[in-house]
Amino acid sequence: MTSLCRICSLVVVLQLLHIYSLGIYSFKHQIGKANVNFSTNSKPFPWNKLRLPDMVIPIQYDLCVHPNLSSLHFTGLERIEILVRKDTSFIILHSKSLEITSAVLLPKDGLESRKPGKQLQVLEHPAHEQIALQAPEVLTAGQRYLIVIEFHAQLADGFDGFYKSTYKTRDGETRIIATTDFEPTSARMAFPCFDEPSFKAKFAITIRREKKHIALSNMPKIKTIELKGGLLEDHFEVTVKMSTYLVAYIVCDFKSVQTTTSSGIKVSIYVSPDKWNQAHYALEAAVKLLEFYEKYFNISFPLPKLDLVAIPDFQSGAMENWGLITYRETSLLYDPKTSSAFDKLWVTKVIGHELAHQWFGNLVTMEWWNDIWLNEGFARFMELVSINATYSELQIEDYFQNVCFGAIARDSLNSSHPISNPAETPIQIKEMFDTVSYDKGACILKMLKDFLSEEVFQKGIIHYLKTYSYTNAKNDDLWNSMANTCSESDFSSGNFCYTASRPLGNTFGHMGKLMEIKEMMNTWTLQKGIPLVLVKCEGKTLRLRQERFLKGVFEEDPEWANLQSRYFWHIPLTYITSSSDTVHRHILKTKTDTLELEGEVTWIKFNVDMNGYYIVHYEGNGWNNIIKLLNQNHTLFSHKDRANLIHNAFQLVSAGRLLLDTALDLTQYLQHESSNVVLLQGLSYLEMFYHMMERQNISDVTQNLKRYILQHFKPVIDRQTWRDEGSVSDRILRSDLLRLACELQYPPCIQKANELFSQWMESGGTLNVTTDVLKTVYSVGAQTMAGWNYLLKQYSLSMSGAEKNKILYALTTSRHCEKLTKLLELGMEGEVIKTQDLAALVHAIARNPEGQRLAWNFVRENWDKLLKKFELASFSIRIIITGTTSHFSSQDKLEEVKHFFRTLEDQGSQLKITEVVLETITKNIRWLKRNLNSLRNWLLNNV
């Protein structure tokens, strides 16, 4: 190590004074004779499990790091205070891709008493990403020791661990920063550590840097020392007790905007200097949301400051490091000239998500990654709660339904998994960060809130957060907290818990006992899938039954019975009828049940406002009655119920429960629809069918779908202006509708977009085009050679991530294969098009009928190169796999994909996403076989 931090410099002297000879100490109580693992020097490794032993736990890390941004190398020295819980002669911890040059053991008072250190032998087990520090004597239970480790490594090239990121200034100069991203298992790439969420400890971070840079970490800086040679050494306050994956530090040359919340928390937004003017909205939103959370959770933000940093190279949307949240630039920065209404909604959602994590995840952390939904499901759900309260004009509630629609799409496949699911290896852990953990987790929380009431739910999560602050929690801990929110005075006879607003016992009868929450919610978290509730109305009697809802698998299939067995849920049903708009409630706990109505009804609607996570099928004349009602007076249903009905109908088609004709008949009322979100929901299915037919080159159906959409929705298309005006909902409808109209070559749309694009080009890119139609204007402009080339040039010059996203999308819509090939080449080079955008680029090209084969061949030919850019189970790799294959709908393509996955062996065949893709393609094939003729004939009768 070329330079050492002062806090540990004395150790280096001490270790030279007293070095013990080493030998292999018997470790029979930690590892049996069978399954012995060997370290890199061929000596037996004293631990054979992926999970660390709990014989030694960390108390505090003193970590000093010096990243050299010229050599792209970093050195580190750490002192870990440990507590020995059981006698041992080995300390097992994590390390990956680090060169450890020294490891010394000291008694707890070693630095003060100048007692000599004892050299520890380092054994490495790369397969488990572990090292064993072998002591020359037994470490005694109940005693505290200090481990001092020197190490170094290259700054990582990817997006995990301690990695380099680059950006270009407005003048074209390339600058380098060093930043961290540790979740879930990458802290071990930056420093040796106990890299599991339950090994919480405190961290004292020290960073060495050049004067032209600044250093940031989780806590505020307390002092800066100037060292010989001109380097500066920043010392940061000791953190609160937290997990390793939340540690963060950055060395950069960024500028900031900052303010202080009403409770005294200093909030700062850090960005590269040329983008400073795009940081102001994030600052406003962060302050507003942070103040909301402190009030809602009734727990003060535990740290004195909160930094939000826009990182130029970032794989996911953001990372919730405690006190130092890192973001992809497009998830934090807002440019009024190029950011659309949807961009603003997105930035606000991501900020709300990451700030929720400061409590859900950081203050209370899941015990193990199998329950990551306790972090991510809650953070996704709190986006809805927080933005609804602070930015009601963004109409977040209207778009939360899409979160649940996305969850259902994944959960209705047999390749789904339970929310709480075993995960041991780093690959399995990474794959837990998916739609099920995030979106399904959020949707069942929304259902629980509706079941309990807003007040009881809020009291329950406050109880959970306060009970488990600075510790770890499991599924059961959440349910127990929810079931014990009331004080003794809150209970009356029958153990019903009364709230200020209403007694739950009166609402749910004997089902209202809060202690039944755990039993109910375990049916949603410990088994995969989503229930289908079948409703049959016979006079005053409602007959109910539940099944597991599966797409692409039908009752007549031989595997049907096996896929249904043992699946059932405790479903908190809600419904309204033609005779009463009162929301009725019933918990369906059995496979079948009956309800008696007060009188006969002409219609019934279950899952009111889609607060529940289940699909509903109305048997008999149920759907025909609903279609009739929608055509007569659709406003009798709320707009959420109307979107829910459209979604359910088309999902039931995929499950073989409803004829496609019936679902399409339901959409015909949409020409009278006044809700933007419902219009978009109906259009989304028609657009999906259009792209499916276009990819399959089924030209007659493609043309008739195009005619039907443009005829049926012509009035609403023609009403759209090309200005940023109206509500957020109006603006998002305008953006999506005009994009689709131009995609379908609607002449007035093409003409207006071409006119605006020409004006923009003539202005040298300085004309401010309406932000909500920028993507459409650019996409139309990209269809000419001159327009495409000009867009690529502007892409390289733009300082707005929002604009770059829109330009890149437009570039991928070209029908010229050589242009699409050029984009893939640029994406692989990583200069003009950053590597972080490669996955989205490949996905977008695959969406283009002219690019689908090109993208798929690109993935197959470059698989090994892609794995050098992205971790195997990373979000990017999963997007690349699904984006290039999930739209396939032929047997030939299915066999092609199967063959490719078989060739991957250890380089991807074990990924869960491969099962999802194969099942999705099979579902697509079956959908076409069952529904193509119906779609063709329906269109012939309705165009």
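Look up a bit, the structure's there.
Here goes a summary of the coordinates provided. Worth saying up front: this structure is predicted, and the values here are computed from it rather than measured.

Overview of the overall build of the chain
A tally of regular secondary structure across the chain gives 31 helices and 31 strands. C-alpha atoms of the chain, sized along the principal axes, occupy 90 × 75 × 55 Å. Buried residues in the chain amount to 63% of all 943 residues. Intrachain contacts of the chain at a sequence separation of at least 6 include 72% that bridge at least 24 residues. Surface summary for the chain: the accessible area is close to 35,400 Å², and the carbon and sulfur share equals 49%. With 102 positive and 104 negative side-chain charges, the chain shows a separation of 1 Å between the mean positions of the two kinds.

Re helix α15 (residues 639–654)
For α15, which comprises 16 residues, the first-to-last C-alpha distance of 23 Å matches the rise-based estimate of 22 Å (1.5 Å per residue) to within 8%. With 15 of 16 residues buried, α15 lies mostly within the body of the structure. Of the residues flanking the end of α15, it is G656, one or two places downstream, whose phi is positive at about 75 degrees.

A look at the packing of helix α9 (residues 454–467) against helix α10 (residues 475–482)
It is at 8 Å that the axes of α9 and α10 come closest, and there the two elements cross at 130 degrees. The orientation of α9 relative to α10 falls into the category oblique. Pair α9 / α10 crosses with right-handed handedness. Across the interface between the two elements, F457, G460, I461, H463 and Y464 of α9 pack against D477, L478, S481 and M482 of α10.

Details of unusual backbone geometry
Most peptide bonds adopt trans geometry, and most residues besides glycine take a negative phi value. Of note, the amide linkage connecting E183 to P184 takes the cis form, showing an omega dihedral of 0 degrees. Assignment of secondary structure puts P184 in the loop between β12 (174–181) and β13 (202–209). Look at L72: it is not a glycine, yet its phi comes out positive at around 60 degrees. Relative to the helices and strands, L72 resides in the loop between β3 (56–68) and β4 (73–84). Not every positive phi belongs to a glycine, and D609 is a case in point at roughly 55 degrees. Among the structural elements, D609 can be located in the loop between β30 (604–606) and β31 (615–618). Residue D609 is classed as partly exposed on the basis of its relative accessible area of 24%.

Topic: the packing of aromatic side chains
For the structure shown, the criterion picks out 48 aromatic pairs. Seen from their ring centres, F182 and Y249 are 6.1 Å apart, and the 75 degrees between their planes marks the pair as edge-to-face. Pair noted here: F182 is in the loop between β12 and β13 and Y249 is in strand β17 (residues 249–252), with a separation of 67 residues, a long-range link. The exposure classification of F182 matches that of Y249, with both residues buried. Feature note: the residues F292, Y293, Y296, F297, F301, W359, F360, W373, F378, Y464, Y468 and W479 constitute an aromatic cluster, connected by ring pairs. One cation-aromatic arrangement involves K288 over Y391; the distance from NZ or CZ to the ring centre is 4.3 Å. A cation over a ring is seen here: R930 above F554, with NZ or CZ 3.8 Å from the ring centre.

A short note on the nonpolar core
The nonpolar side chains of soluble globular proteins are, as a tendency, buried together. Within the largest apolar cluster, 315 residues are counted, with the highest numbers of intra-cluster contacts made by F191, Y249 and I351. Per element, the largest residue contribution to this core is 12 residues, and it comes from helix α3 (residues 280–297). Not counting residues up to four positions away in its chain, the partners in contact with I351 are A282, A285, A286, L289, L308, Y327 and L332.

Re the sheet that holds strand β5 (residues 88–94)
Across the sheet, which stays open at both edges, the 3 strands sit in the order β5-β9-β8 with antiparallel pairing between neighbours. Each having just a single partner strand, β5 and β8 (121–125) make up the two edges of the open sheet. Direction aside, the axes of adjacent strands within the sheet are offset by 25 degrees on average. Of the strand pairs in this sheet, β5 and strand β9 (residues 130–139) are connected by 6 bridges, and their pairing is antiparallel. Looking at the pairing, F90 lines up with Q134 of β9.

With respect to α9
The end-to-end C-alpha separation of α9 is 20 Å, in line with the 20 Å expected for 14 residues at 1.5 Å each. Where α9 is concerned, the buried positions are V456, F457, G460, I461, I462, Y464 and L465.

Observations regarding the pattern of salt bridges
In the structure shown here, the tally under the stated rule is 56 salt bridges. Here R410 and D434 are joined by a salt bridge, their closest N and O atoms 3.4 Å apart. Pair noted here: R410 is in helix α6 (residues 396–411) and D434 is in the loop between α7 (426–431) and α8 (435–452), with a separation of 24 residues, a long-range link. On the basis of relative accessible area, R410 is assigned to the buried category, the value being 13%. A network of salt bridges, in which partner residues are shared, links K96, E129, R188, D195 and E871.

Cut-offs applied
Residues numbered from 1 in each chain as written. Predicted model: local features only at pLDDT ≥ 70, side-chain atom pairs only at ≥ 80, totals over all residues. Heavy atoms only, no water. Helix = DSSP H or I, 4+ residues; strand = E, 2+ residues; numbered from the N terminus. Buried < 20%, exposed > 50% of the residue type's maximum accessible area, 1.4 Å probe, protein only. Contact = heavy atoms within 4.5 Å. Areas by Shrake-Rupley, 256 points an atom, 1.4 Å probe, with all protein chains shown as cover. Lys, Arg positive; Asp, Glu negative; His and termini not counted. Charge placed at Lys NZ, Arg CZ, Asp CG, Glu CD. Expected span 1.5 Å × (residues − 1). Axes fitted to C-alpha atoms, helices over the stretch in contact; angles between N-to-C directions. Parallel < 35°, antiparallel > 145°, perpendicular 65-115°, else oblique. Left-handed = near helix turned anticlockwise from the far one by under 90°. Phe/Tyr/Trp six-rings, centres within 6.5 Å; stacked < 30°, edge-to-face > 60°. Lys NZ or Arg CZ within 6 Å of the ring centre and 35° of its normal. Core = buried A, V, L, I, M, F, W, Y, C linked by side-chain atoms within 4.5 Å. Pairing = 2+ DSSP bridges. Salt bridge = Lys/Arg side-chain N within 4 Å of Asp/Glu carboxyl O.

Bear in mind that shape data such as this cannot, by itself, settle questions of function.
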